[in-house]
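Geometric and topological summary
Listed below, chain by chain, are the residues.
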Amino acid sequence: MPIEDRDDAYLITHALAKDTLSRLRDVQTTQVAFRKGLVKLGRICGYEIIDGAMETEYVTIQTPLQETTGERVKGLDNVVIINVLRAATPFVEGLLKAFPRAKQGVISAGRDEDAGMNEEGGFPITIDYVKLPEITKEDTVIVADPMLATGSTMCAVLDHVLENAGVDPEKLFVLSAVSAPDGLLRVHEQFPEVDLLTVAIDDYLDDDGYIVPGLGDAGDRAFRTT
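Residues numbered from 1 in each chain as written. Predicted model: local features only at pLDDT ≥ 70, side-chain atom pairs only at ≥ 80, totals over all residues. Heavy atoms only, no water.

1. Structural notes on the overall build of the protein chain
- On a plain count of helices and strands, the protein chain comes out with six helices and 13 strands.
- Against the 2.2 N^0.38 benchmark of 17 Å for 226 residues, the protein chain shows a C-alpha radius of gyration of 18 Å, consistent with a compact globule.
- Principal axes of the C-alpha set define a box for the protein chain whose edges measure 65 × 40 × 30 Å.
- Looking at the protein chain as a whole, 47% of its 226 residues qualify as buried.
- Look at the contacts in the protein chain between residues 6 or more apart in sequence, and 65% of them connect residues 24 or more apart. (Helix = DSSP H or I, 4+ residues; strand = E, 2+ residues; numbered from the N terminus. Rg over C-alpha atoms; globule rule 2.2 N^0.38 Å. Buried < 20%, exposed > 50% of the residue type's maximum accessible area, 1.4 Å probe, protein only. Contact = heavy atoms within 4.5 Å.)

2. Thoughts on the pattern of salt bridges
- A complete count under the given rule lists seven salt bridges for this structure.
- A salt bridge links E55 to K74; its shortest N-O distance comes to 3.7 Å. In this pair, E55 sits in the loop between α2 (31-53) and β3 (56-62) while K74 sits in the loop between β4 (67-73) and β5 (79-85), placing the two residues 19 residues apart along the sequence.
- When its relative accessible area of 37% is taken as the criterion, K74 is described as partly exposed.
- Put simply, D77 and R101 hold a salt bridge, and the shortest N to O gap is 2.4 Å. Taken together, the positions of D77 in the loop between β4 and β5 and R101 in the loop between α3 (88-98) and β6 (103-111) put the pair 24 residues apart, joining distant regions of the chain.
- Of the residues examined, R101 reaches a relative accessible area of 52% and is grouped as exposed. (Salt bridge = Lys/Arg side-chain N within 4 Å of Asp/Glu carboxyl O.)

3. Some words on the UniProt feature "binding site: GTP" (unreviewed entry) in the protein chain
- Look at the UniProt record and you will see "binding site: GTP" (unreviewed entry) annotated at K36, G37, L38, V39 and K40.
- Sequence-distant contacts of G37, that is, excluding residues within four places in its chain, are made with T20 and L24.
- Looking at the secondary structure, you find K40 in helix α2.
- Taking the relative accessible area as the measure of exposure, K40 reaches 31% and is therefore partly exposed. (UniProt positions renumbered as here; feature names shortened; annotations may be inferred.)

4. Some details on the environment of V79
- Here V79 shows up in strand β5.
- A C-alpha to C-alpha distance of 21 Å links V79 and Y129, two positions 50 residues apart in sequence.
- Those residues in contact with V79 that lie beyond four places of it in its chain are M54, F99, A102, K103, D139, T140 and I142.

5. A word on the pairing of strand β2 (residues 9-12)
- Summarising the sheet, strand β1 (residues 3-6) and β2 pair through four bridges and their orientation is antiparallel. Opposite E4, over in β2, you have L11 as the bridge partner.
- Hairpin connection from β1 to β2: two residues lie between these consecutive antiparallel strands, with D7 at a positive phi of about 65°.
- Sheet topology places β2 next to strand β11 (residues 195-201); two bridges connect them, and they run parallel. (Pairing = 2+ DSSP bridges.)

6. Considerations on the packing of helix α1 (residues 15-25) against α2
- It is the contact of α1 with α2, at a shortest axis distance of 9 Å, that shows an interaxial angle of 160°. It follows from the interaxial angle that α1 and α2 lie roughly antiparallel. When the axes of α1 and α2 are compared, the crossing they make is left-handed. Residues L16, A17, T20 and L24 of α1 form the contact with α2, whose own contacting residues are F34, G37, L38, K40, L41 and I44.
- A breakdown of the residues in the contact of α1 with α2 according to their chemical character gives seven nonpolar, two polar and one charged. (Axes fitted to C-alpha atoms, helices over the stretch in contact; angles between N-to-C directions. Parallel < 35°, antiparallel > 145°, perpendicular 65-115°, else oblique. Left-handed = near helix turned anticlockwise from the far one by under 90°. Nonpolar A, V, L, I, M, F, W, Y, C, P; charged D, E, K, R; others polar.)

7. Details of unusual backbone geometry
- With omega at 5°, the peptide bond leading from L85 into R86 counts as cis.
- Structurally, the position occupied by R86 is in the loop between β5 and α3.
- The phi dihedral of R224 falls on the positive side, at around 55°, and the residue is not glycine.
- Assignment of secondary structure puts R224 in the segment after α6 (218-223).

8. Let's talk about the layout of surface pockets
- Each pocket or cavity is described by its volume, and for the largest pocket that value is around 620 Å³.
- Lining the largest pocket are 28 residues, with R111, E113, D145, M147 and D217 sitting closest to its centre.
- At the level of secondary structure, the elements contributing two or more residues to the lining of the largest pocket comprise β5, β6, β9 (147-148), α4 (152-165) and α6.
- In terms of residue count, the dominant contributor to the lining of the largest pocket is β6 (four residues).
- Residues of the lining of the largest pocket, tallied by class, amount to twelve nonpolar, ten polar and six charged. (1 Å grid on protein atoms, 1.4 Å probe; cavity = no way out; pocket = protein on both sides within 12 Å on 5 of 7 lines; lining within 4 Å. Points joined across faces, edges and corners; volume = space filled by probe spheres on them.)

As C-alpha cells, then:
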C-alpha cells in the first residue's frame, strides 16, 4: 500500500518518496539538489494523494479507431493548495505538477524561537501574511509544510484556513515530509477532522524543538540562508 494508516497519521511509503527523503536528509546535499529534491518529493506526494484519496469515474472516449470506456480522476478542478511560507515553496511547486489547475493560497507563519518552547511543548506563533482563495464544500484542501515539528505553526495555520473557509471542505490534508510524534499528536487532538500525511515519522524533538534525526532547517537549506 502506498499510504499506510499509522493511528494519528498516514504514512506515504512510495519507494521514490523514501529515496528522495533520504537524499534530502544527507548533510552533503547541496542547496540546488535540496530544492530540487523538495520539488520532486512534492510531486510524488501529490500523485500518492490522487491515487490513495481521490475517486475516479468512468467516461466515454472516442479514440481515432472507435468509442471506448476510460477512467478519469474526479475533483482535480476542486483542489486548493496552501503554501506555508517559506520552506513549503519548492514542496508546493512539486504538488502543482500533480495538481496543475489547483487554486493556491499562502500563509506566512513562523514560531518565536527566542521565546523557546513552553511547558506544553509548543511555541508562540506569528502570522505575518495570509492570502487564501475561496474554499468550498467540494474542495480538497492540502496544507503543505515540509516539517511538522511541535505542530504549533500548523495549528495556527489551520485556524486561519478554517476560519477563512467558513465551511468544511470535502477533504482537508496536512502534508509534510518529516514529522515528529509530538506535532502529529498536537494537530490530531486540535483538528481531528484533518488527515495528516507524512513521508516519515521521526524519533523525537530536541530541547530546541527541532526534529531528530530530521533534515535540518528546510527553509535555510532550500534558500541558502544558513
